[in-house]
Amino acid sequence: MSENRQKVGIITSAVGIFLNILLFAGKFIAGLLSKSVAVIADAFNNLSDAAASIISILGFKLSSKSPDREHPYGHGRLEYIAGLIVSFLILVMGWELLKSAVNSIINPQELNTSLVTVIILTSSILVKIFMFVMNLVAGKKINSPALIATAKDSLSDVISTGAVLAIVIVTIIFPNIKIPLDGIAGIIVALLVLWNGIQSTKETMDPLLGLPPDAELVKAIEEEILTHKPIIGIHDLIVHDYGPGRLFITVHAEVPGNQDIFDLHEIIDQTECALDTKFNCLSSIHMDPIDLNNPEVAKVKKYISDVAKKIHPEISIHDLRIVPGENNTNVIFDAIKPYSCNLTDFELTKFLFDKVREYNNHFTSVIKIDKPFC
């Protein structure tokens with residue numbers, strides 16, 4: 001993680017802490033004066049946001065540590081863990097707010113709202129809009145899931161505080177209304193907080209579990225590799241994400257099998273260096289030689305690809321080699337089976353084996369089923 005990235009993350013989170021504490025103090029005082037459960041709930045929501053920003057700062061600091069013997073891939077995923085803790089805090093706060101709101105409906109109290117409460121809530125909405133924009137711009141700039149989650153939380157706060165403000169205004173205009181609007185507003189706030197916590201939990205858990213790489217990144221990697229001739233194709237591309245700034249790429253590159261191995265190896269080394277520089281990553285390329293002088297190879301590959309696509313249009317065939325033997329000819333190839341394919345690996349292998357045998361009864365297939373990582 002670059003120093004500039006860490007600086008942007010810490011400064012943005014620090015500003016968020018300061019503003020959320022101010023909002024908590026203002027809303028809490030207004031809630032006590034007006035005896036409004038909804039306003040007090042909104043105040044504690046801001047306090048949880050301040051705590052979340054503190055955790056985000058810790059996440060930025062810890063994730064910036066250099067790789068060591070125990071963690072050779074760095075500590076970048078600590079930022080995701082920080083985001084997950086923030087999400088859990090949001091869920092706990094939402095649940096507590098929901099219980100308070102339900103209790104307010106069961107045991108309603110007379111409200112004492114005033115223009116001061118309206119001013120505080122309106123100011124809070126404006127501040128939260130500013131925080132939404134600030135966190136979203138900073139989060140996208142430095143690719144920070146924690147800041148983007150904070151931005152979405154700020155937008156949720158705008159909606160929840162708006163609901164509370166609407167209830168307060170209605171209460172001022174209609175002081176004798178019998179409907180427990182304060183408790184209803186509290187429930188709305190709590191449900192919005194809980195929904196935001198659920199969404200944030202999913203968004204921070206996904207990169208920890210492992211996500212497919214961005215389609216544009218995959219396309220850019222492929223285009224860069226193919227500029228280095230005589231590489232003619234790639235497959236088995238895997239992008240390992242160990243946190244922001246810690247990207248590892250492994251890929252198989254197809255090269256003509258009739259060229260000098262040392263020349264090809266030099267091209268592969270140059271390609272790895274180009275990838276590392278362009279994408280700020282560490283890359284490793286496996287070299288796959290392709291027999292371009294044997295027309296039977298291309299013919300058999302096309303046949304197998306065509307029959308495979310009848311099972312599923314996204315099945316692809318690569319690394320096909322034809323190796324003659326004394327009694328049989330081995331046709332060796334890999335098949336990438338998409339996750340949406342209903343056949344098991346065994347069923348797909350048997351299907352392709354039988355189809356190759358139908359093509360030529362002297363062919364024996366050696367098939368490896370791969371999974372798509374992109």
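The sections below set out a description of the structure shown in this document. None of these values were measured; they are calculated from a predicted model.

Bringing the nonpolar core into the picture now. Counting 26 residues, the largest nonpolar core has V39, L97, L121, V164 and V168 as the members making the most contacts within it. When contributions to this core are tallied by element, the ones reaching two or more residues are α2 (37-63), α3 (78-106), α4 (115-142), α5 (145-173) and α6 (181-209). When neighbours within four sequence positions are excluded, V168 is seen to be in contact with V39, T113, T117, V118 and L121.

Spatially, the 3 strands line up as an open sheet ordered β1-β2-β3, and their pairing is mixed. Edge positions in the sheet fall to β1 (233-241) and β3 (281-290), since each has one partner strand and no second. If you compare each strand with its neighbour and ignore which way they point, the axes differ by 15° on average. Of the pairings in the sheet, the one linking strand β2 (residues 247-256) to β3 comprises 10 bridges and is parallel in character. Residue pairing in the sheet places H252 in a bridge with H286 of β3. Of the strands in this sheet, β1 and β2 are in contact with helix α7 (residues 215-226), which crosses β1 at around 130°.

Right, let's talk about empty space enclosed by the protein for a bit. Per the counting criterion, the structure on display carries 1 cavity of 30 Å³ or more. Computed from the structure, the largest cavity encloses a volume of approximately 40 Å³. D49, A52, V86, I90, A149, T150 and D153 are the residues that line the largest cavity. Sorting elements by how many residues they give to the lining of the largest cavity places α5 first, with 3 residues. Residue classes in the lining of the largest cavity are distributed as 4 nonpolar, 1 polar and 2 charged.

Working definition: an aromatic ring pair is given by the centre-to-centre distance plus the angle between the planes. Inspection of every chain in the model, using the stated rule, returns 5 aromatic pairs. When the centroid spacing of 5.4 Å and the interplanar angle of 70° are considered together, the rings of F24 and F44 count as edge-to-face. Pair noted here: F24 is in helix α1 (residues 3-34) and F44 is in helix α2, with a separation of 20 residues, a long-range link. The class for F24 is buried, based on a relative accessible area of 18%. With a centroid separation of 6.0 Å and an interplanar angle of 25°, the aromatic rings of Y359 and F363 are classed as stacked. Under the relative-accessibility criterion, Y359 is labelled partly exposed at 25%. The class for F363 is buried, based on a relative accessible area of 6%. Cluster of aromatic residues (ring-pair linked, three or more members): F24, F28 and F44.

Looking now at the pattern of salt bridges. Any two side chains of opposite charge can pair, so long as their charged atoms come close to each other. Scanning all chains against the criterion turns up 10 salt bridges. Among the salt bridges present, the one from K128 reaches D49, with a minimum N-O distance of 3.0 Å. You can see K128 sitting in helix α4 and its partner D49 sitting in helix α2, a full 79 residues away along the chain. Comparing K128 with D49 shows no difference in burial state: the two are buried. Between D345 and K371 there is a salt bridge whose closest N-O contact spans 3.1 Å. A residue pair is termed long-range when its members are at least 10 positions apart, and D345 in helix α10 (residues 345-359) and K371 in the segment after β6 (363-370) qualify at 26 residues.

In this chain, K229 is followed by P230 through a cis amide linkage whose omega measures 15°. On the secondary structure map, P230 appears in the loop between α7 and β1. Although it is not a glycine, D236 sits at a positive phi angle of roughly 55°. Within the chain, N280 stands out as a residue other than glycine whose phi angle is a positive 50°.

So, on to the environment of I106. With respect to the element layout, I106 can be found in helix α3. Along the sequence, I106 and G183 sit 77 residues apart, while their C-alpha atoms lie 8.7 Å from each other.

Summarising burial for β6: 6 of the 8 residues are buried, a large majority. Taken together, the 8 bridges between strand β5 (residues 329-336) and β6 define a ladder with parallel strand orientation. Bridging from a neighbouring strand, I332 pairs with V366 of β6. Viewed along the sheet, the connection from β5 through α10 into β6 turns out right-handed.

What follows concerns α7. Taking 1.5 Å of rise per residue, 12 residues should cover 16 Å, and α7 covers 17 Å from first to last C-alpha, within 8% of that figure. Within the span of α7, buried status applies to V218, I221, E224 and I225. Axial view of α7: buried residues confined to an arc of 130°, hence all on one face. When the buried face of α7 is taken as reference, the exposed residues oriented beyond 90 degrees from it are A215, E216 and K219. The secondary structure elements touched by the buried residues of α7 are β1, β2 and α8 (261-279). Of the residues flanking the start of α7, the one acting as N-cap is D214, its side-chain oxygen 3.0 Å from the backbone nitrogen of E216.

The rules behind each value
- Residues numbered from 1 in each chain as written.
- Predicted model: local features only at pLDDT ≥ 70, side-chain atom pairs only at ≥ 80, totals over all residues.
- Heavy atoms only, no water.
- Core = buried A, V, L, I, M, F, W, Y, C linked by side-chain atoms within 4.5 Å.
- Buried < 20%, exposed > 50% of the residue type's maximum accessible area, 1.4 Å probe, protein only.
- Helix = DSSP H or I, 4+ residues; strand = E, 2+ residues; numbered from the N terminus.
- Contact = heavy atoms within 4.5 Å.
- Pairing = 2+ DSSP bridges.
- Axes fitted to C-alpha atoms, helices over the stretch in contact; angles between N-to-C directions.
- 1 Å grid on protein atoms, 1.4 Å probe; cavity = no way out; pocket = protein on both sides within 12 Å on 5 of 7 lines; lining within 4 Å.
- Points joined across faces, edges and corners; volume = space filled by probe spheres on them.
- Nonpolar A, V, L, I, M, F, W, Y, C, P; charged D, E, K, R; others polar.
- Phe/Tyr/Trp six-rings, centres within 6.5 Å; stacked < 30°, edge-to-face > 60°.
- Salt bridge = Lys/Arg side-chain N within 4 Å of Asp/Glu carboxyl O.
- Right-handed = clockwise from strand over helix to strand, strands pointing away.
- Expected span 1.5 Å × (residues − 1).
- Arc of directions from axis to C-beta.
- Polar contact = N/O pair within 3.5 Å; in protein donor to acceptor, adjacent residues only side chain to side chain.

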